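Each chain, written out:
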Amino acid sequence: MTKFFDVNFWINGSFYSKEEREDSIAKIKKIIEDNDISNLIVTNKLAFDYDWNIGNGKLLNSNLCREINSLYYSYILTPDAYFTYDFEKYVKKAFTDGVRLFRFFPKHHLFYINDYYMKKIFRLLSENKFPVMIDLKELDITGNKYFEINILERILDENKEMPVILETSLKQCMFDRYYFPLLEKFKNLYLEVSGMLLIDQIEGYVEKFGSKRLIFGTDYPYLAAELSANRILLSEMNKSDKENIAFNNIDNILRGIEIG
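Residues numbered from 1 in each chain as written. Predicted model: local features only at pLDDT ≥ 70, side-chain atom pairs only at ≥ 80, totals over all residues. Heavy atoms only, no water.

Draft legend 1. Molecular detail of the sheet that holds strand 7 (residues 189-192). Strand order across the open sheet formed by 8 strands is 1-2-3-4-5-6-7-8, with parallel pairing between neighbours. Strands at the two margins of the open sheet, each flanked by one partner only, are strand 1 (4-11) and strand 8 (214-215). By the bridge criterion, 6 bridges tie strand 1 to strand 2 (residues 37-44) in an arrangement that is parallel. Counterpart to Trp 10 in the pairing with strand 2 is Thr 43. The sheet contacts of helix 3 (residues 52-61) involve strand 1, strand 2 and strand 3 (71-77), and relative to strand 3 the element is tilted by about 170°. (Pairing = 2+ DSSP bridges. Helix = DSSP H or I, 4+ residues; strand = E, 2+ residues; numbered from the N terminus. Contact = heavy atoms within 4.5 Å. Axes fitted to C-alpha atoms, helices over the stretch in contact; angles between N-to-C directions.)

Next up, the structure:
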């Protein structure tokens, strides 16, 4: 049986009441059980829509990782994180608290990916081999499909020990010519697969770059979890490639984190 490690699972978590928290836990348990998701990384929509720090705090205070086995947290960050906290201590505490991924949305949160403080954040995360996730469309700073690929290339080059997972929607996959050269050049760049919905699209990436460059995610609740799971299960890829995408690749990345 193929087991899945979902790196892109969202909750709308403010948890103002005990009932709301219990309902959320029950829903998550049912989804992961129905889709053989053995591990998952959860991001709080509140941190995206409202305030990164408050949303991350609500996620931590939910104690979901104590209620659901093999559940980890993803924190959304902005450059403010570097000077709001002693960032080195912040990362260590986040890891202890169950955080295994940091996500960035520069367009939505109005900052440049090569901001002075972002460079410092990336440098420290690279030293710790801590993975980050960036949405490709968040690099479209003009709204005219002008992606800051040259900036992403510089980040990858300057932080080769930092795994970078690029999230792409079906629409953004049409602009794969922008990031194909980066996949060829940088071994620390990965693609999250939930937006790859075209026939043989995942298989094409595997043929070109190998199965170790793809990371499983569902983008739940914006996409049905079973859509991403069945996309892998029903593929004609061999068992090894399926297992790499579904679980092994992100598991290996997380095992490589080095927190002193």
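Draft legend 2. Looking closely at empty space enclosed by the protein. Under the counting rule described, the total for this entry stands at 1 cavity of 30 Å³ or more. One number sums up the size of the largest cavity: a volume of about 40 Å³. Around the largest cavity sit Val 193, Ser 194, Met 196, Leu 197, Ile 202, Ser 228 and Arg 231, which together line it. (1 Å grid on protein atoms, 1.4 Å probe; cavity = no way out; pocket = protein on both sides within 12 Å on 5 of 7 lines; lining within 4 Å. Points joined across faces, edges and corners; volume = space filled by probe spheres on them.)

Draft legend 3. Quick peek at the environment of Lys 45. Assignment of secondary structure puts Lys 45 in helix 2 (residues 45-49). For the pair Lys 45 and Ile 76, spaced 31 residues apart in sequence, the C-alpha separation works out to 9.3 Å.

Draft legend 4. Seen up close, the packing of aromatic side chains. By the definition in use, this model includes 22 aromatic pairs. Each ring, one from Phe 48 and one from Phe 105, has its centre 4.9 Å from the other, and the planes form 75°; the classification is edge-to-face. Highlighted residues: Phe 48 in helix 2 and Phe 105 in the loop between strand 4 (99-104) and helix 7 (116-127), separated in sequence by 57 residues. Taking the relative accessible area as the measure of exposure, Phe 105 reaches 4% and is therefore buried. Over the face of the ring belonging to Phe 247 we find Lys 3, whose NZ or CZ atom lies 4.4 Å from the ring centre. Stacked on the ring of Phe 95, the Lys or Arg Arg 100 has its end atom at 3.8 Å from the ring centre. (Phe/Tyr/Trp six-rings, centres within 6.5 Å; stacked < 30°, edge-to-face > 60°. Buried < 20%, exposed > 50% of the residue type's maximum accessible area, 1.4 Å probe, protein only. Lys NZ or Arg CZ within 6 Å of the ring centre and 35° of its normal.)

Draft legend 5. Local environment of a nonpolar patch on the surface. A contiguous nonpolar patch, built from Leu 170, Leu 197, Leu 198 and Leu 227 and spanning about 310 Å² of accessible area, is present on the exposed surface. Locating Leu 198 in the fold gives a position in the loop between strand 7 and helix 11 (201-209). Overall, Leu 198 belongs to the partly exposed group, its relative accessible area being 45%. (Patch = residues over 30% accessible without salt bridge, like charges linked within 9 Å, V, L, I, M, F, W, Y side chains within 5 Å. Areas by Shrake-Rupley, 256 points an atom, 1.4 Å probe, with all protein chains shown as cover. Salt bridge = Lys/Arg side-chain N within 4 Å of Asp/Glu carboxyl O.)

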